[in-house]
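Per-entry structural report
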Amino acid sequence: MTQSPLPEAWETSNWLVISPHLDDAVFSCGRLLAAAPGAIVVTVFAGIPPDDVAAPPWDEAAGFASANAAMQARRAEDLAALGMLGAEPIWLPFLDRQYVEGNTAQAIATALGAVIDKYPQRRVLSPLGLFHSDHALVFDAVWAMLHERTRALAGATGAAGADLEPEPGTADLARWWFYEDMPYRRLSGLVGARIGAWRAQGYAPRRVEPVPAQTGNGADAADASATDYGARKVQAMEAYESQLGLLDPEALIELNTSESYWQLQWSPVSR
């Protein structure tokens, strides 16, 4: 599928990136963040468990004695990684599923909506919600917000012969973007299933390329460290030391492949 260029109406640095965990935004969007200093990264499952919560198997494998110590360390890693990319972190208080059950898409949507509404000029970049239950829950929360608002917009502007203003508070569909969750996108059929679900709901997905082209010739070559988005992504990923050591070789390779992004257009279909 041919990639579409970045719409001229948006500035490349005006991003609000939603990250399920403390590392997902950099793993999946590190090149974009390197190219867009000033982005805000909102991590949903960034809550710190109480001191008495034992370390689950994943944290034990990473060398932590408690869940509290693990999340404290991961926040420090996140600060370091996002600092390298010029991004600002916002940490929501939800606990990772390995610590607690019972998070709901509605609660997450409420918390995310409050943050998103503080930054009305920023584009929202969300995961496709592939494979991992926490990722799927974040997608469900974002989709609930987007679908509710864009349905009102589509109803106002899609009627035959109508030229109506959208209802107050309705979001422009062009504001909402999606990224493929790395490394989970490598699992067969997951991206295709998401695209198919969108089409069934009356949306037309298209692959887009929001990372601007780089130049490295002449004088620009002297500043390669600032313009080599891929190298800066790798440097930022290395800050997540506690996580990288637990990934299998195929996942590590996947993290260094090209990032992929999607936008939606409203395209009602017959029901």
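Let me begin by describing the structure that accompanies this report. Just so you know, these numbers come straight off a predicted model, no measurement behind them.

**A word on the sheet that holds strand β6 (residues 203–208)**
- Strand order in the open sheet formed by seven strands is β3-β2-β1-β4-β5-β7-β6, and the pairing between neighbours is mixed. Across the chains shown, the open sheet's two edge strands, defined by having one partner strand only, are β3 (88–91) and β6. Going across the sheet, the axis of each strand differs from the next one's by a mean of 30°, ignoring polarity.
- For strand β1 (residues 15–19) and strand β2 (residues 40–43), the ladder comprises four bridges, and the chain directions are parallel. Its bridge partner being in β2, leucine 16 is matched across the sheet by isoleucine 40.
- Against the sheet, helix α6 (residues 190–200) contacts β5 (176–179), β6 and β7 (261–266), and its axis sits at roughly 140° relative to β6.

**Side note on the pattern of salt bridges**
- In the structure shown here, the tally under the stated rule is seven salt bridges.
- Residue glutamate 254 is joined to arginine 185 by a salt bridge in which the shortest nitrogen-to-oxygen separation is 2.4 Å. Separated by 69 residues along the polypeptide, glutamate 254 in helix α10 (residues 249–255) and arginine 185 in the loop between β5 and α6 bring together distant segments of the chain.
- Relative accessible area serves as the criterion here: at 11%, glutamate 254 is assigned to the buried category.
- On the basis of relative accessibility, which here comes to 14%, the residue arginine 185 falls in the buried class.
- For the salt bridge of aspartate 248 with arginine 186, the shortest nitrogen-to-oxygen distance reads 3.4 Å. Placement of aspartate 248 in the loop between α9 (241–244) and α10 and of arginine 186 in the loop between β5 and α6 is noted, with a sequence separation of 62 residues between them.
- Among the ionic contacts, a cluster of salt bridges with common partners joins Glu180, Arg185, Arg207 and Glu254.

**So, the packing of aromatic side chains**
- Applying the stated criterion across every chain yields a total of ten aromatic pairs.
- On the numbers, 5.3 Å between centres and 40° between planes, the contact of phenylalanine 131 with tyrosine 184 is tilted. Of this pair, phenylalanine 131 sits in the loop between β4 (123–127) and α5 (133–157) while tyrosine 184 is found in the loop between β5 and α6, placing the two residues 53 residues apart along the sequence.
- The exposed category is assigned to phenylalanine 131, whose relative accessible area is 58%.
- Arranged with centres 5.1 Å apart and planes meeting at 70°, the rings of tryptophan 143 and tyrosine 203 form a pair that is edge-to-face.

Conventions and cut-offs
- Residues numbered from 1 in each chain as written.
- Predicted model: local features only at pLDDT ≥ 70, side-chain atom pairs only at ≥ 80, totals over all residues.
- Heavy atoms only, no water.
- Pairing = 2+ DSSP bridges.
- Helix = DSSP H or I, 4+ residues; strand = E, 2+ residues; numbered from the N terminus.
- Axes fitted to C-alpha atoms, helices over the stretch in contact; angles between N-to-C directions.
- Contact = heavy atoms within 4.5 Å.
- Salt bridge = Lys/Arg side-chain N within 4 Å of Asp/Glu carboxyl O.
- Buried < 20%, exposed > 50% of the residue type's maximum accessible area, 1.4 Å probe, protein only.
- Phe/Tyr/Trp six-rings, centres within 6.5 Å; stacked < 30°, edge-to-face > 60°.

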